[in-house]
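# A structural walkthrough
The lines below spell out each chain.
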Amino acid sequence: MKKTSSTRKPNQNHKAKHAAAGDVRIIGGQFKRRTVNFIDADGLRPTPDRLRETLFNWLIADMHSAHVLDSCAGSGVLGFESLSRGAAHCTFIEMSAAQSQMLRQSAEQLRLDPTTYQIIQGAAEQVLTQNPLNQRHFDVVFIDPPYAEELWQPILTTLITQALINTETLIYLEADKALEEQLSELAAKLNENSFAQKSITQGVLGFECLKQTKVGQVVAGLYRLSSS
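## Structural notes on the overall build of the chain
- Scanning the chain from N- to C-terminus turns up six helices and nine strands.
- The contacts of the chain with a sequence gap of at least 6 include a subset with a gap of at least 24, amounting to 71%.
- Per element, the accessible surface of the chain, about 10,600 Å² overall, is 45% carbon and sulfur.

## A look at the sheet that holds strand 7 (residues 170-175)
- Taken in spatial order, the seven strands make up an open sheet running 5-4-3-6-7-9-8, and their pairing is mixed. Among the strands making up the open sheet, the edge pair consists of strand 5 (117-121) and strand 8 (205-215). Taking the axes of each pair of neighbouring strands and ignoring which way they run, one obtains an average angle of 15° across the sheet.
- Inspection of the sheet shows strand 3 (residues 67-70) paired to strand 4 (residues 89-94) by four bridges, in the parallel sense. Looking across to strand 4, one finds that His 67 is bridged to His 89.
- Along the sheet face, helix 1 (residues 49-58) touches strand 6 (140-143), strand 7, strand 8 and strand 9 (218-227) and points at about 140° away from the line of strand 8.
- With respect to the sheet, helix 5 (residues 152-161) is in contact with strand 3, strand 6, strand 7, strand 8 and strand 9, its orientation differing from that of strand 6 by roughly 155°.

## Things to note about the nonpolar core
- Of all hydrophobic cores here, the largest spans 34 residues; its most connected members are Leu 59, Phe 80, Phe 92, Phe 142 and Tyr 172.
- For this core, the secondary-structure elements that each account for two or more residues are helix 1, helix 2 (77-84), strand 4, helix 3 (97-109), strand 5, strand 6, strand 7 and strand 9.

## Concerning the confidence of the model for the chain
- Looking at the chain as a whole, the pLDDT averages 84, with 80% of positions reaching at least 70.
- Contacts for the low-pLDDT stretch residues 1-17, under 50 throughout, to residues beyond four places or in other chains number 68 contacts.

## Points about the packing of aromatic side chains
- The tally for this structure, following the rule as stated, stands at three aromatic pairs.
- Arranged with centres 6.1 Å apart and planes meeting at 55°, the rings of Phe 56 and Phe 142 form a pair that is tilted. Taken as a pair, Phe 56 in helix 1 and Phe 142 in strand 6 lie far apart in primary sequence, 86 residues in all.
- Their ring planes at 75° and their centres at 6.1 Å tell us that Phe 142 and Tyr 172 sit as a pair that is edge-to-face. Here the residue Phe 142 occupies a position in strand 6, and Tyr 172 occupies one in strand 7, the gap between them amounting to 30 residues.
- We classify Tyr 172 as buried; its relative accessible area is 1%.
- Chaining the aromatic ring pairs together yields one cluster made of Phe 56, Phe 142 and Tyr 172.

## Some details on the pairing of strand 9
- With respect to burial, strand 9 is a largely interior element, seven of its ten residues being buried.
- Summarising the sheet, strand 7 and strand 9 pair through five bridges and their orientation is antiparallel. Note that in strand 9 the partner of Leu 173 across the bridge is Gly 221.
- Pairing of strand 8 with strand 9, which is carried by ten bridges, proceeds in the antiparallel orientation. The residue bridging Leu 205 from the neighbouring strand is Ser 227, located in strand 9.

About the criteria used
- Residues numbered from 1 in each chain as written.
- Predicted model: local features only at pLDDT ≥ 70, side-chain atom pairs only at ≥ 80, totals over all residues.
- Heavy atoms only, no water.
- Helix = DSSP H or I, 4+ residues; strand = E, 2+ residues; numbered from the N terminus.
- Contact = heavy atoms within 4.5 Å.
- Areas by Shrake-Rupley, 256 points an atom, 1.4 Å probe, with all protein chains shown as cover.
- Pairing = 2+ DSSP bridges.
- Axes fitted to C-alpha atoms, helices over the stretch in contact; angles between N-to-C directions.
- Core = buried A, V, L, I, M, F, W, Y, C linked by side-chain atoms within 4.5 Å.
- Buried < 20%, exposed > 50% of the residue type's maximum accessible area, 1.4 Å probe, protein only.
- pLDDT = per-residue confidence, 0-100.
- Phe/Tyr/Trp six-rings, centres within 6.5 Å; stacked < 30°, edge-to-face > 60°.

In structure tokens, the structure reads:
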């Protein structure tokens, strides 16, 4: 389990400045043992160290100079961990105004170079359509929204149709159930839509599972787009 955006319908009465309810530590790289804060909000669940360590062992050869997307940032720990381990840039997208402010505070406390990150408040599937992200594609994408809402499908679809990922992009998905069947169904839908060809050369679009693990009821996997 990671962290997620707190909700799709943020309380407009919440103030941007919000007291931290907890913190989670960065486990590797230049910011090792430093902590980032998160608010008390429904659905916000920082990734346990054990799962995060497995994930970054998978990505150990791919982090250096990578352009990263933390699409439902929450605490931002996956994005900050990426920057700690050598990523060139991370785009954080977070729905909650209060938690977006907390992300900015964490970035300041870590003394991050402002050119190495971007924090955008909003729903990822909308932000990725509306905001210019000033790059041809992301190298690593983290998609870990609240499980019950299954927002990973619209987020992943938007990344493909907006040509923000390609066959070299590493895609981390986390859910409370296996996703292979749903990924196959999503690929079938995209293959019926010519937009899928924006990021994939001519051929049949698919999803290749590179790595997968299960921690309790949580299924986490690393995927890549394929074209055949």
